[in-house]
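Observations on the three-dimensional arrangement
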Amino acid sequence: MPLPRILLLIFDPAGAEMEKGRPSRPRAPMHRGAAVYGPGEPSGGRPATVAEAQVLAASAATHAGRFEESVEALLRRRSVQLEAAADELLRTGSVGLRLGAWEVEARIIRFWHGDSVLEISSRSDAGSRRGRTRIPRDPRRLGREGLTHYLAHAATDD
């Protein structure tokens, strides 16, 4: 049973921040592994068959590989800019930068007993995205390299 929000705010404020905006219950049935959604499916979706799951897994692996290649290419092209942004993020707690078509804003939300959450939002003509990541009590442990990867992920096309 999850902790009541007031206790979560007292004992684990970073956890409460991570839970912010999440629905308390799923709106639709949950299908683990892979699912097929669309008109004519019961409840709007169903678990994927073994063959469908294999095709989806292969497609996801290919996509993930291409995405990581794009992130690595961006890290090589813009390493100086990304490292400077990571340093500013560690120093001031927030940073804004433009990487190609992407406008990225990041901030570290620090809590009273040392926990922190890294919040990143990015926008481009292709769309927008937001993400939160719980980071170690000492953000410097995450370091410049870890922050540059998070910033590069935020500015890479899917």
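Here we summarise the structure given alongside this text. Since the model is a prediction, treat every value here as computed from it, not as a measurement. Counting from 1, residues in each chain are numbered in the order their sequence is written. Per-residue local features are limited, in this predicted model, to residues with pLDDT of at least 70; the limit for side-chain atom pairs, both in listing and counting, is 80 or more; totals at the level of whole chains, interfaces and linings are taken over all residues. Just so you know, side-chain values use all the structure's heavy atoms and leave hydrogens and water out.

1. Looking at the environment of alanine 152
Rules: Here a strand is any run of E in DSSP of at least two residues, a helix any run of H or I of at least four, and the numbering for each starts at the N terminus. Any pair of residues with heavy atoms lying within 4.5 Å of one another is described as a contacting pair.
Take alanine 152: it is sitting in helix 5 (residues 139-154). When near neighbours in sequence (up to four residues on either side) are disregarded, alanine 152 contacts Val71, Leu74, Leu75 and Leu82.

2. Some remarks on the environment of glutamate 69
Quick note on the threshold: When a residue's accessible area, from a 1.4 Å probe over protein chains only, is under 20% of the maximum for its type it is buried; when over 50% it is exposed; and in between it is partly exposed.
Tracing the backbone through its elements, the reader meets glutamate 69 in helix 3 (residues 50-77). For glutamate 69, a relative accessible area of 56% gives the class exposed.

3. Quick notes on the pairing of strand 5 (residues 116-124)
Counted only if it meets this: A strand pair is defined by DSSP finding two or more bridges across the two strands.
Counting buried residues in strand 5 gives eight out of nine residues, a clear majority hidden from the surface. The sheet contact formed by strand 4 (residues 102-110) and strand 5 spans eight bridges and is antiparallel. For glutamate 103, the partnering residue across the bridge sits in strand 5 and is arginine 123. The loop that links strand 4 with its antiparallel partner strand 5 comprises five residues; one of these, glycine 114, has a positive phi angle of about 105°. Pairing of strand 5 with strand 6 (residues 127-135) involves nine bridges; the strand directions are antiparallel. Looking across to strand 6, one finds that arginine 123 is bridged to serine 128. Turn length for the strand 5-strand 6 hairpin, with the two strands adjacent in sequence and antiparallel, is two residues.

4. Describing helix 3
How we decide: The span you would expect from a helix comes to 1.5 Å times its residue count less one.
The end-to-end C-alpha distance of helix 3 is 41 Å, a good match for the 40 Å that 28 residues give at a rise of 1.5 Å each. Of the residues making up helix 3, those classed as buried are Phe67, Val71, Leu74 and Leu75.

5. Re the sheet that holds strand 4
Cut-off, in case you're wondering: Helix axes use the C-alpha atoms of the stretch in contact, all axes being lines fitted to C-alpha atoms, and the angles between their N-to-C directions lie in the range 0 to 180 degrees.
Taken in spatial order, the four strands of this open sheet run 3-4-5-6, and their pairing is antiparallel. With one partner strand each, in any of the chains shown, strand 3 (94-99) and strand 6 form the two edges of the open sheet. Geometrically, the sheet is characterised by an average inter-axis angle of 15° between neighbouring strands, direction not taken into account. Contacts from helix 4 (residues 79-92) reach strand 3, strand 4 and strand 5 within the one sheet, and its direction differs from that of strand 3 by about 165°.

6. Considering the nonpolar core
Note the threshold: Here, the term nonpolar core denotes a set of buried Ala, Val, Leu, Ile, Met, Phe, Trp, Tyr and Cys residues that are joined through side-chain atoms within 4.5 Å.
Ranked by size, the top nonpolar core spans 23 residues in total, and within it Leu97, Val104, Leu118 and Leu151 carry the most contacts. If you list the elements that add at least two residues to this core, you get helix 3, helix 4, strand 3, strand 4, strand 5 and helix 5. Apart from the residues within four sequence positions on either side, leucine 97 is in contact with Gln81, Leu82, Ala85, Trp102, Glu103, Val104 and Leu151.

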